[in-house]
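Residue strings, one per chain:
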Amino acid sequence: MIDLTALQPEKATGGNCAGSCGNHPHSPSAVPQHIQEKIHNHPCYSEQAHHYYARMHVAVAPACNIQCHYCNRKYDCANESRPGVVSELLKPDQAIKKVLAVGAAIPQMSVVGIAGPGDPLANPERTFATFRELTRLAPDLKLCISTNGLALPQHVDELAKHNIDHVTITINCLDPEIGAKIYPWIFWNHRRIKGVKAAEILIQQQQKGLEMLVARGILVKINSVMIPGINDEHLKEVSRVVRAKGAFLHNIMPLIAEAKHGTFFGLSGQPSPTPEELSNLQTSCESDDMRMMRHCRQCRADAVGLLGEDRGDEFSLEKIEHLEIDHAAAMQRRVAEKARIEAEIAAKHAQSAQPLDNTVQLISLDKLRTKKKTYRSVLMAVASKGQGIINLHFGHAQEFLIYEASQAGIKFIRAAKAELYCTGDETCGEAESRIERIIKSLAGCEVVLCAKIGYEPWGKLEAAGIQPNGEHAMEAIEDAVKSVYQEMSASGKLDEIPVKKQTMRA
Amino acid sequence: MALKIIELCTNCWACQPLCPTSAIYEAKPHFLIDALKCTECDGDFADPQCASICPIEGAILNSAGKAWNPPGSLTGITI
């Protein structure tokens, strides 16, 4: 058994950088400058960046050294979009070719990650061969990995060598008894180890890896899968501990478990959290010095494009095989595109004078605040294909960004998938119409902002109590949400808390 | 004396680099074990390495033709 107190970090003191350096206790949205420089164009680390910059995962790491009850290594479906799923496994030379092809076609690309479908550090030769060559051919691209942490300590020095300054560790627990309910086995020192003993080793390795990365100045994001009844309450403790050890961002994701995925949790009927339960947990873990990632799309291990879109199909091995790419020219285009995006963001900030970092967005609504009246908060859904503007037709939206407008300001809450996890046709899954699925996933929202919307979905949304609004097409999301909120408050719609509050339960 | 990989293999590559006698090789439609090279890790490790990391129940058979990891033994899924 691990003594849990041994995992408690020492209280951060002036000399201990973990958790104390650069904290701004009175301004939750302020990010220290040295971190801001590392995250400003990383879509997974910065909420703002995810509107502008694209990423790709290369599926070079098929092997895994542990088993998680939410993962099934047998499953691969082109209609599925969730972690661990890929269409085409790549060898390092193929992955490099794919990265260069995507980097030439999508100049917004800033990040290449290895996230599986197994664990990148259970495939160290393949992972590091890919990174070595990319560092040489495309030095402008940021490299990152997402790992379960078991093999992390032994590879930290190698990671530091490769200019990898973003690492994600999936940490679901600190208590081996809880771990034994999530991880049936690990492969460790040439043996398969099961049960509490396995979880104990995994947890120790994860915590050690986190400490080693922080000591080397590598930014660490912690992913946790919220599994109701198993680790949901416990994740508050996880969040506190990893924050104190110096993790920069915590991403609590909902368990994905359906019987058709063939996972232990899917088949045992383990429930996933509702969006409301997830959001409540995220809020209770959020603090002045722990940022919550709320824009995660739980993407595939071979996803390509902006978060929320997947252009992987355009870059299959077959399609890129004969492409001739001028690497230097492609890199120049990416560098120019980054400069353009940064200028655009700076111009936008100058205009609206909002805080530079939007990881937690709080835009003051001074006009509302000066009035003595109090208004309730409102959830609004937004259709956007990037750039932080309302620029997408309702019918083309694969997902909606959900913002909460209140007198305190405007805050990004989560992304809601229009098609949930499956994009198959009506014969593949529930015989529910697309609009019905969208209405379910937007439950709790009172407004949907989009560039345009058809007559039929308009009526159905209205009937469901969600007001469609196409009047703010091509406007900045925050400005539009703010102005709709102001209109609603001015027309008396927000005067009192409704007796029967809508829930976000899907 | 040799282990065998059968069609349940998902080609995840986990076993191949662990084999002390390089008996495992990539093949279509799935990885295979060279029976002449396989020692079942005798003399190298306490347990056969391929069977100790393989995530798929039933994908590796022992020399008697029985699943090294029978149904339910790895995933806990018994239905």
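Residues numbered from 1 in each chain as written. Chains lettered and ligands numbered in written order. Predicted model: local features only at pLDDT ≥ 70, side-chain atom pairs only at ≥ 80, totals over all residues. Heavy atoms only, no water.

Focus: the overall build of chain B
Under the convention used in this document: What counts as a helix is a DSSP run of H or I of at least four residues, what counts as a strand is a run of E of at least two, and both are numbered from the N terminus. Contacts were defined at the residue level, with two residues in contact if any of their heavy atoms lie within 4.5 Å. Working definition of accessibility: Shrake-Rupley area with a 1.4 Å probe, residue cover restricted to the visible protein chains.
For chain B, the count of helices and strands is one helix and four strands. Mapped from its N terminus to its C terminus, chain B presents α and β elements in the order β-β-β-α-β. Pairs at least 24 apart in sequence give 44% of the contacts found in chain B among residues at least 6 apart. If you sum the accessible surface of chain B, you get close to 4100 Å²; carbon and sulfur atoms cover 55% of it.

A closer look at helix α3 (residues 92–105) of chain A
Residues and elements named next belong to chain A. For clarity, the threshold we go by: Take the residue count of a helix, subtract one, and multiply by 1.5 Å to get its expected span. When accessible area is computed with a 1.4 Å probe and restricted to protein chains, residues below 20% of their type maximum are described as buried, those above 50% as exposed, and intermediate ones as partly exposed.
Taking 1.5 Å of rise per residue, the 14 residues of α3 would be expected to cover 20 Å, and the 20 Å separating its terminal C-alpha atoms lies within 8% of that figure. Of all 14 residues that make up α3, 10 are buried, and the element is covered over most of its length. Among the residues making up α3, those that are buried are Pro 92, Ala 95, Ile 96, Lys 98, Val 99, Leu 100, Ala 101, Val 102, Gly 103 and Ala 104.

Observations concerning the packing of aromatic side chains
Our working rule: Under the pairing criterion, centres of Phe, Tyr and Trp rings, with the six-membered ring standing for Trp, must be within 6.5 Å; the plane angle then separates stacked pairs below 30 degrees from edge-to-face pairs above 60, leaving the rest tilted. A ring is scored as having a charge over it whenever the NZ atom of a lysine or the CZ atom of an arginine sits within 6 Å of its centre and within 35 degrees of its normal.
A complete count under the given rule lists four aromatic pairs over all chains for this structure. When the centroid spacing of 5.0 Å and the interplanar angle of 80 degrees are considered together, the rings of Trp13(B) and Phe31(B) count as edge-to-face. Of this pair, Trp13(B) sits in the loop between β1 (4–5) and β2 (24–25) while Phe31(B) sits in the loop between β2 and β3 (32–33), placing them 18 residues apart in sequence. Residue Trp13(B) shares its accessibility class with Phe31(B), and that shared class is buried. Here the basic side chain of Arg126(A) rests over the ring of Trp13(B), its NZ or CZ set 4.7 Å away from the ring centre. We note Arg192(A) situated over the ring of Trp185(A); from NZ or CZ to the ring centre the distance is 4.4 Å.

As for the sheet that holds strand β7 (residues 191–194) of chain A
Sheets are built from strands paired through backbone hydrogen bonds, the pairs being either parallel or antiparallel. All names here are of chain A. We apply this condition: The pairing criterion for strands is at least two bridges between them, as found by DSSP. Each axis is a line fitted through C-alpha atoms, and for a helix only the stretch in contact is used; angles between axes span 0 to 180 degrees, taken between their N-to-C directions.
Reading across from one edge, β2-β6-β7 is the order of the three strands in this open sheet, with antiparallel pairing throughout. Here the strands that pair on one side only, and so sit at the sheet edges, are β2 (66–67) and β7. Where β2 lies against strand β6 (residues 185–188), two bridges are found, and the strand directions are antiparallel. Each residue of the ladder has a partner; that of Gln 67, found in β6, is Trp 185. Lying on the sheet, helix α7 (residues 195–215) is in contact with β2, β6 and β7; it crosses β7 at an angle near 105 degrees.

Some points on the packing of helix α4 (residues 124–137) of chain A against helix α5 (residues 152–161) of chain A
Residues and elements named next belong to chain A. To be explicit about the condition: When an angle is under 35 degrees it counts as roughly parallel; over 145 it counts as roughly antiparallel; between 65 and 115 it counts as roughly perpendicular; any other value is oblique. Crossings are classed by handedness, with left-handed meaning an anticlockwise turn of the near helix from the far one by less than a right angle and right-handed meaning a clockwise turn. Three classes are used, and their members are as follows: Ala, Val, Leu, Ile, Met, Phe, Trp, Tyr, Cys and Pro are nonpolar, Asp, Glu, Lys and Arg are charged, and the others, Gly among them, are polar.
Taken N-terminus to C-terminus, the directions of α4 and α5 make an angle of 10 degrees; their axes are 11 Å apart at the nearest point. Comparing their axes, α5 and α4 come out roughly parallel. Seen from above, α4 lies across α5 with right-handed handedness. Between α4 and α5, the residues in contact are Pro 124, Phe 128 and Arg 132 and His 155, Glu 158 and Leu 159, respectively. Taken together, the residues of the contact of α4 with α5 break down into three nonpolar, one polar and two charged.

Considering helix α14 (residues 434–441) of chain A
Residues and elements named next belong to chain A. Note the threshold: The arc in question is traced by the directions running from the helix axis to the C-beta atoms.
When we look at burial in α14, the residues that qualify are Ile 435, Arg 437, Ile 438 and Ser 441. Viewed end-on, α14 has its buried residues packed into an arc of 160 degrees, placing them on one side of the element. Summarising the contacts, the buried residues of α14 are in contact with β13 (399–406), β14 (409–417) and α15 (455–463).

A closer look at the confidence of the model for chain A
All names here are of chain A. Operational definition: pLDDT expresses how confident the predictor is about each individual residue, on a scale running from 0 to 100.
Chain-level statistics for chain A give a pLDDT mean of 82 and a share of 82% at 70 or above. In the model, residues 1–28 has pLDDT below 50 throughout and makes 40 contacts with residues more than four positions away in sequence or in other chains. Contacts of residues 354–363 to residues separated by more than four positions or lying in other chains number 36 contacts, the stretch itself having pLDDT below 50.

Details of the sheet that holds strand β8 (residues 219–226) of chain A
Residues and elements named next belong to chain A. One open sheet accounts for eight strands, arranged β10-β9-β8-β5-β4-β3-β1-β11; its pairing is mixed. Where the open sheet ends on each side, the last strands, each with one partner, are β10 (291–292) and β11 (304–305). Across four bridges, the pairing between strand β3 (residues 109–114) and strand β4 (residues 142–147) is parallel. Residue pairing for β4: Val 111 is matched across the bridge by Lys 142. Most of the contacts of α4 go to β4, to which it runs at about 165 degrees, and overall it touches β3 and β4.

Things to note about the interface of chain A and chain B
What counts here: Two parts placed together each lose some accessible area under a 1.4 Å probe, and the buried area is that loss summed for both. The rule for a salt bridge is simple: a side-chain nitrogen of Lys or Arg has to be within 4 Å of a carboxyl oxygen of Asp or Glu. Think of a polar contact as two N or O atoms within 3.5 Å of one another; within protein, one of them needs to be a possible hydrogen donor and the other a possible acceptor, and neighboring residues in sequence only count if both atoms come from side chains.
Residue-level contacts link 22 residues of chain A with 24 residues of chain B. With both chains or domains summed, chain A and chain B bury close to 1800 Å², and 60% of this area falls on carbon and sulfur atoms. Our enumeration of links across chain A and chain B arrives at two salt bridges. In this structure, the salt-bridge partner of Arg191(A) is Asp47(B), at a minimum N-O distance of 2.7 Å. In this assembly, chain A and chain B are joined by eight residue pairs in polar contact (both at pLDDT 80 or more). Of all elements in the fold, only β6, β7 and α9 (264–267) of chain A reach the threshold of two or more residues within the side of chain A that touches chain B.

Looking at the pattern of salt bridges
Between side chains of opposite charge, a pair can form as their charged atoms come close. Residues and elements named next belong to chain A. All told, the structure shown has 18 salt bridges over all chains when counted by the stated rule. A salt bridge links Asp 140 to Lys 338; the shortest N-O distance between them is 3.3 Å. Of this pair, Asp 140 sits in the loop between α4 and β4 while Lys 338 is found in helix α12 (residues 327–352), placing the two residues 198 residues apart along the sequence. The same class applies to Asp 140 and to Lys 338, which are both buried. When salt bridges that share partners are traced, they join Arg 132, Glu 158 and Lys 161 into one network.

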